[in-house]
Amino acid sequence: MKYIVLSLFPEIIHAFFRCSVLNKAARRGIVDYEAVNIRDFAFDRHRTCDDAPYGGGAGMLMTAEPLGRALEAAGVPPKDAAGRSGGKSGRVVYLTPAGRLFTQAAARDLAREAALVLICGRYEGIDQRIIDRYVDDEISVGDYVLSSGESAALVVIDATYRLKDAAIAPDSLAEESFSGGLLEYPQYTRPERYGILKVPDVLLSGHHENIRRWRLEKQVERTLARRPDLIRRGMEAGLFDTETRVLIKEKEKTEKIEKLEGQSSARVPIGEYT
Ligand code: SAM
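Residues numbered from 1 in each chain as written. Predicted model: local features only at pLDDT ≥ 70, side-chain atom pairs only at ≥ 80, totals over all residues. Heavy atoms only, no water.

1. Concerning helix α6 (residues 149–161)
(1) Moving on: Here α6 spans 18 Å end to end across 13 residues, near enough to the 18 Å set by a 1.5 Å rise per residue.
(2) Moving on: Among the residues of α6, Gly-149, Glu-150, Ala-152, Ala-153, Leu-154, Val-156, Ile-157, Ala-159, Thr-160 and Tyr-161 are the ones counted as buried. (Helix = DSSP H or I, 4+ residues; strand = E, 2+ residues; numbered from the N terminus. Expected span 1.5 Å × (residues − 1). Buried < 20%, exposed > 50% of the residue type's maximum accessible area, 1.4 Å probe, protein only.)

Spelled out as structure tokens, the structure:
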């Protein structure tokens, strides 16, 4: 996977690739990146890349010309008159709070591309004509407003590169949050006792079947308590096997009874008290 990141602050992207696990993946040839400084494509001697919006309003906008030239230098031709893009190897993404929401499914979808061109906005965003002329996809990393697109681009890079073959051990991916429609179970490592909290006995038992079942129960309990929307969507999409579906029904029943009795287990720590 090749990431081409267009930014006014490419040093942020360089730092991320230098310091994270990505560095290892880059050295192994799994990922490659290029950080393009949009300012290098500005006309004037001040290398200006922003201007006031037509029609008035607060703040400045990133201008179309330097950004368009930076995209073309990165190998992205403009779309044709019918809005079709062609002649390039990857998808052009503008990071914006007005985009479609970035989820694990969206990460899987983007990870199938050979290359991603990521446009990082600043100020109040970018001129709409850049979106109309070059952009294939607009993505938001969440329902909040960041001051810059770089942190959003790093989220997209981090979530997609690890889905590429051989970047991360397949077992870790299979069991993590969202992969099977549920959040991950709680995890523990040494020491066995931490203050008054002890690792649940079942994890020390060496009984693989009991451990598997306990983990599944915790996944269901957690997801029901924190993200019931995931359970609903997983049910609708037929993501869960029979054992998980039965467990969900049982836990839902228990939760209802607990609510009626005025108690809830959602916030109780899972580690056992000694
Ligand atoms: N005026 C814009 C709006 O209300 O939609 C917000 C601009 S924001 C201050 C500056 C840049 O940060 C955006 O151009 C975008 O690239 C990035 N950004 C901010 N929030 C984001 C989000 N939730 N997802 C992706 N990118 C975001």
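There's more to say after this.
2. As for the packing of helix α4 (residues 104–111) against α6
(1) Moving on: Taken N-terminus to C-terminus, the directions of α4 and α6 make an angle of 75°; their axes are 9 Å apart at the nearest point. Comparing their axes, α6 and α4 come out roughly perpendicular. Residues Ala-107, Leu-110 and Ala-111 of α4 lie in contact with α6, whose contacting residues are Val-156, Ala-159 and Thr-160.
(2) Moving on: For the contact of α4 with α6, the per-class residue count stands at five nonpolar, one polar and no charged. (Axes fitted to C-alpha atoms, helices over the stretch in contact; angles between N-to-C directions. Parallel < 35°, antiparallel > 145°, perpendicular 65-115°, else oblique. Contact = heavy atoms within 4.5 Å. Nonpolar A, V, L, I, M, F, W, Y, C, P; charged D, E, K, R; others polar.)

3. Observations regarding the site of the ligand
(1) Moving on: Close to the ligand lie 19 residues; Tyr-94, Leu-95, Glu-124, Tyr-144 and Leu-146 are nearest.
(2) Moving on: Here Leu-95 contributes a backbone N or O atom positioned 2.6 Å from an oxygen atom of the ligand.
(3) Moving on: Between Val-141 and the ligand, the recorded distance is 3.0 Å, taken from a backbone N or O atom to a nitrogen atom.
(4) Moving on: When isolated, the ligand has an accessible area of 580 Å², and the protein chains bury 84% of it.
(5) Moving on: Looking at the shell around the ligand, the element that brings in the most residues is strand β5 (residues 91–101), giving four residues.
(6) Moving on: Its residues assigned to classes, the shell around the ligand shows ten nonpolar, eight polar and one charged. (Near = heavy atom within 4 Å. Polar contact = N/O pair within 3.5 Å; in protein donor to acceptor, adjacent residues only side chain to side chain. Areas by Shrake-Rupley, 256 points an atom, 1.4 Å probe, with all protein chains shown as cover.)

4. So, the sheet that holds β5
(1) Moving on: One open sheet holds the five strands; their spatial order is β2-β1-β6-β5-β7, and the pairing between them is parallel. Looking at strand neighbours, the two that pair on one side only are β2 (32–37) and β7 (137–140), the edges of this open sheet. Ignoring which end each strand starts from, the neighbouring axes of this sheet average 30° apart.
(2) Moving on: With five bridges connecting them, strand β1 (residues 2–7) and strand β6 (residues 115–119) associate as parallel partners. Residue pairing across strands places Val-5 opposite Leu-118, the latter belonging to β6.
(3) Moving on: Where α6 meets the sheet, it contacts β1, β5, β6 and β7, and its direction lies at approximately 175° from that of β1. (Pairing = 2+ DSSP bridges.)

5. Observations concerning the nonpolar core
(1) Moving on: Counting 29 residues, the largest nonpolar core has Tyr-3, Phe-102, Leu-118, Val-156 and Ile-157 as its most contacted members.
(2) Moving on: Of all elements in the fold, only β1, α1 (10–19), α2 (21–27), β5, α4, β6 and α6 reach the threshold of two or more residues within this core.
(3) Moving on: Broken down by element, this core gets its largest block of residues, seven residues, from α6.
(4) Moving on: For Ile-157, the contacting residues outside a window of four places in its chain are Tyr-3, Val-5, Phe-16, Phe-17, Leu-22 and Leu-118. (Core = buried A, V, L, I, M, F, W, Y, C linked by side-chain atoms within 4.5 Å.)

6. Some points on α1
Three- or four-residue spacings in an α-helix give side chains the same orientation, since the helix completes a turn every 3.6 residues.
(1) Moving on: Those residues of α1 that fall on the buried side of the exposure criterion are Pro-10, Ile-13, Phe-16 and Phe-17. All buried residues of α1 project into a common sector of 120° when viewed along the axis, lining one side. Of the exposed residues in α1, the ones pointing more than 90 degrees away from its buried face are Arg-18 and Cys-19.
(2) Moving on: Elements in contact with the buried residues of α1: β1, α2, β2 and α6. (Arc of directions from axis to C-beta.)

7. Let's talk about the domain arrangement of the chain
(1) Moving on: Under the domain assignment used here, the chain contains domain 1 (2–171) and domain 2 (193–266).
(2) Moving on: For domain 1 and domain 2, the distance between their C-alpha centres works out to 38 Å. (Domains from an automatic or database assignment.)

8. Thoughts on the environment of Arg-112
(1) Moving on: Looking at the element boundaries, Arg-112 is found in the loop between α4 and β6.
(2) Moving on: Among the residues examined, Arg-112 registers a relative accessible area of 65% and is labelled exposed.
(3) Moving on: For the pair formed by Arg-112 and Gly-90, sequence separation is 22 residues and the distance between their alpha carbons is 9.8 Å.

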